[in-house]
Amino acid sequence: MIEVNKISKSFGDKTVLKDYSLIVNGEIVGVMGESGKGKTTLMRVIAGLDKQDSGNINVTGKIAISFAEPRLFDDVNVVYNTLVPIKKPNESDVERAKLLLEEFGLADAINSYPNELSTGMANRVSMVRVLMSDADNYIFDEPFKSLDDETRNKVIALLKKYLKDKSVIVITHDEVAANSLCDRVLKINDD
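Source: prediction; values computed, not measured.

Draft legend 1. Just the nonpolar core, in detail. Phe 104, Phe 144 and Leu 159 are the most contacted members of the largest nonpolar core, which totals 38 residues. Looking at this core, the elements that each hand over two or more residues are helix 2 (78-82), helix 3 (91-103), helix 4 (119-132), strand 6 (137-141), helix 5 (149-162), strand 7 (167-171) and helix 6 (175-181). With seven residues, the top contributor of residues to this core is helix 4. Discounting residues that sit within four places of it in the chain, Leu 159 has contacts with Phe 104, Met 127, Leu 131, Phe 140, Phe 144 and Leu 181. Ranked by size, the runner-up nonpolar core spans 19 residues in total, among them Ile 7, Val 29, Leu 42 and Met 43.

Okay, structure coming up:
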């Protein structure tokens, strides 16, 4: 479960989040809003990457994050990039990673390196890596960026399949994808 209770966050004299509250428990919640309204700040605060100015956050269980930029390791291939969350990967982990990559339309890229991937492919590798973590809670920041409609629809179906009963926040500008994937869609800091 992810519980955000009246958090506020400012950068200098600009308030990005003010008394924002959110509970996500065993569901997929979309968070939408214009650029600069606090979506990524919310993600960073929940993940503990930034500290809120006030309010509190309670995350029950492990949390995994897929950032808007894929953040892949250049010196290892796609399969090994997906195994990063696993301390000592074994052969069954490798096979599971390959199957997930295949499901995400990346079978031909398994042995490729990040510099050989398109932005959309790199985003999907990042999503597979997050799924390999077997977390209780997930945050996806702009997961549909650089995906064509067909690939986006396939990714939505896979995320629904693998994130069933997990607590998930999906930050996106893609209203169609949010409405298709999420149990609830919230607007952040609407004035």
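Draft legend 2. Structural view of the layout of surface pockets. Quantified by volume, the largest pocket comes out at close to 230 Å³. As for the largest pocket, its lining consists of Lys 62, Ile 63, Ala 64, Ile 65, Phe 67, Arg 71, Phe 73, Val 84, Pro 85, Arg 129, Val 130 and Ser 133. Of all the secondary structure elements, the ones that give two or more residues to the lining of the largest pocket are strand 5 (63-66) and helix 4. By residue number, the principal contributor to the lining of the largest pocket is strand 5, which donates three residues.

Draft legend 3. Fine view of helix 5. Taking 1.5 Å per residue, 14 residues should reach 20 Å; helix 5 reaches 20 Å between its end C-alpha atoms and fits that length. Residues of helix 5 that are buried include every one of Thr 151, Arg 152, Val 155, Ile 156, Leu 158 and Leu 159, and no others. Looking at the packing, one finds that the buried side of helix 5 touches helix 3, helix 4, strand 6 and helix 6. The backbone nitrogen of Glu 150 lies 3.1 Å from a side-chain oxygen of the residue at the head of helix 5, namely Asp 148.

Draft legend 4. Main features of the packing of aromatic side chains. For the structure shown, the criterion picks out one aromatic pair. Geometrically, the ring pair formed by Tyr 138 and Phe 140 is stacked, given 6.2 Å between the ring centres and 15 degrees between the ring planes. Taking the relative accessible area as the measure of exposure, Tyr 138 reaches 2% and is therefore buried. Look at Phe 140 and you get buried, because its relative accessible area is 0%. Residue placement shows Arg 71 over the ring face of Phe 67; its charged tip is 3.8 Å from the ring centre.

Draft legend 5. Up close: the environment of Met 32. As for its placement among the helices and strands, Met 32 is situated in strand 3 (residues 28-32). Given a relative accessible area of 5%, Met 32 falls into the buried group. C-alpha separation for the pair Met 32 and Leu 106, spaced 74 residues apart in sequence, amounts to 28 Å. Setting aside residues no more than four positions away along its own chain, Met 32 makes contact with Lys 39, Thr 172, His 173, Asp 174, Glu 175, Ala 178, Val 185, Leu 186, Lys 187 and Ile 188.

About the criteria used
In every chain, residue numbers begin from 1 and rise along the written sequence. A pLDDT threshold of at least 70 governs which residues receive local features in this predicted model, and a stricter bar of 80 or more applies before side-chain atom pairs are shown or counted, although totals over entire chains, interfaces and linings include all residues. Side-chain calculation: all heavy atoms of the structure are included, whereas hydrogens and water are not. By nonpolar core we mean a set of buried residues, namely Ala, Val, Leu, Ile, Met, Phe, Trp, Tyr and Cys, connected to one another through side-chain atoms within 4.5 Å. Whether a residue is buried, partly exposed or exposed follows from its accessible area with a 1.4 Å probe, protein chains only, as a fraction of its type maximum: under 20%, in between, or over 50%, in that order. Here a helix means four or more residues in a row that DSSP labels H or I, a strand means two or more in a row labelled E, and each is numbered from the N terminus. Whether two residues are in contact is decided by their heavy atoms, any of which lying within 4.5 Å being enough. With a 1 Å grid laid over protein atoms only, a set of points is called a cavity when a 1.4 Å probe fits there but cannot get out and a pocket when it is open yet has protein on both sides within 12 Å along at least five of seven lines; lining residues have an atom within 4 Å of a point. Grid points are joined across faces, edges and corners, and a volume is the space filled by probe spheres set on the points. Expected helix span is given by 1.5 Å per residue-to-residue step, counting one fewer step than there are residues. Contacts described as polar in this section are N or O atom pairs within 3.5 Å, which, within protein, must combine one atom able to donate a hydrogen with one able to accept it, while residues neighboring in sequence count only if both atoms come from side chains. Side-chain rings of Phe, Tyr and Trp (the six-membered ring for Trp) are treated as a pair once their centres are within 6.5 Å; stacked means planes under 30 degrees apart, edge-to-face means over 60, and tilted covers the remaining angles. In our convention, an over-ring charge means Lys NZ or Arg CZ found within 6 Å of a ring centre and within 35 degrees of that ring's normal.

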